Amino acid sequence: MAKTTTFAITHFSVAFGVTYALTGDIVMGGLIAIVEPAVNTVAYYFHEKIWNKVGGKNNIPLPQHC
């Protein structure tokens, strides 16, 4: 759970930082930092459903540390 938490903090920080750097707007940075990960989560859900239906049969095994 600690790894997931630190990844989420990193994700929010990067989303905020990039948006703030591009716009100079703290409110917009905060909004994007919240909305973008939420949209990504939904997109990932559908990606997994499609992957399992179409591409899941030809999975290449990844090393255990990934």
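Details of the structure are given in the entry above.
Residues numbered from 1 in each chain as written. Predicted model: local features only at pLDDT ≥ 70, side-chain atom pairs only at ≥ 80, totals over all residues. Heavy atoms only, no water.

## What to know about the environment of I26
- Along the polypeptide, I26 turns up in helix α2 (residues 26–55).
- You can call I26 exposed: its relative accessible area is 54%.
- Between the C-alpha atoms of I26 and F16, which are 10 residues apart in sequence, the distance is 8.1 Å.
- Here I26 is in contact with F16 and Y20, once residues within four sequence places are set aside. (Helix = DSSP H or I, 4+ residues; strand = E, 2+ residues; numbered from the N terminus. Buried < 20%, exposed > 50% of the residue type's maximum accessible area, 1.4 Å probe, protein only. Contact = heavy atoms within 4.5 Å.)

## Considerations on a nonpolar patch on the surface
- A cluster of nonpolar side chains, contributed by M28, L31, I32, I34, V35 and V39, occupies part of the molecular surface with about 500 Å² of accessible area.
- Within the element layout of this structure, I34 appears in helix α2.
- I34 gets classed as exposed once you look at its relative accessible area, which sits at 59%. (Patch = residues over 30% accessible without salt bridge, like charges linked within 9 Å, V, L, I, M, F, W, Y side chains within 5 Å. Areas by Shrake-Rupley, 256 points an atom, 1.4 Å probe, with all protein chains shown as cover. Salt bridge = Lys/Arg side-chain N within 4 Å of Asp/Glu carboxyl O.)

## Considering α2
- For α2, built from 30 residues, the straight-helix expectation of 44 Å at 1.5 Å per residue is met to within 8% by its first-to-last C-alpha distance of 40 Å.
- All buried positions along α2 are accounted for by G29, A33, P37 and G55.
- Where α2 is buried, its residues meet α1 (2–23). (Expected span 1.5 Å × (residues − 1).)

## Remarks on the packing of α1 against α2
- Their axes nearest at 8 Å, the elements α1 and α2 cross at an angle of 135 degrees. With respect to α2, the element α1 is oriented oblique. α2 is crossed by α1, and the crossing has right-handed handedness. From α1, H11, F12, A15, F16, T19, Y20 and T23 reach across to α2, where they touch I26, M28, G29, G30, I32, A33, I34, E36, P37 and N40.
- Of the residues that constitute the contact of α1 with α2, the class distribution is 10 nonpolar, 6 polar and 1 charged. (Axes fitted to C-alpha atoms, helices over the stretch in contact; angles between N-to-C directions. Parallel < 35°, antiparallel > 145°, perpendicular 65-115°, else oblique. Left-handed = near helix turned anticlockwise from the far one by under 90°. Nonpolar A, V, L, I, M, F, W, Y, C, P; charged D, E, K, R; others polar.)

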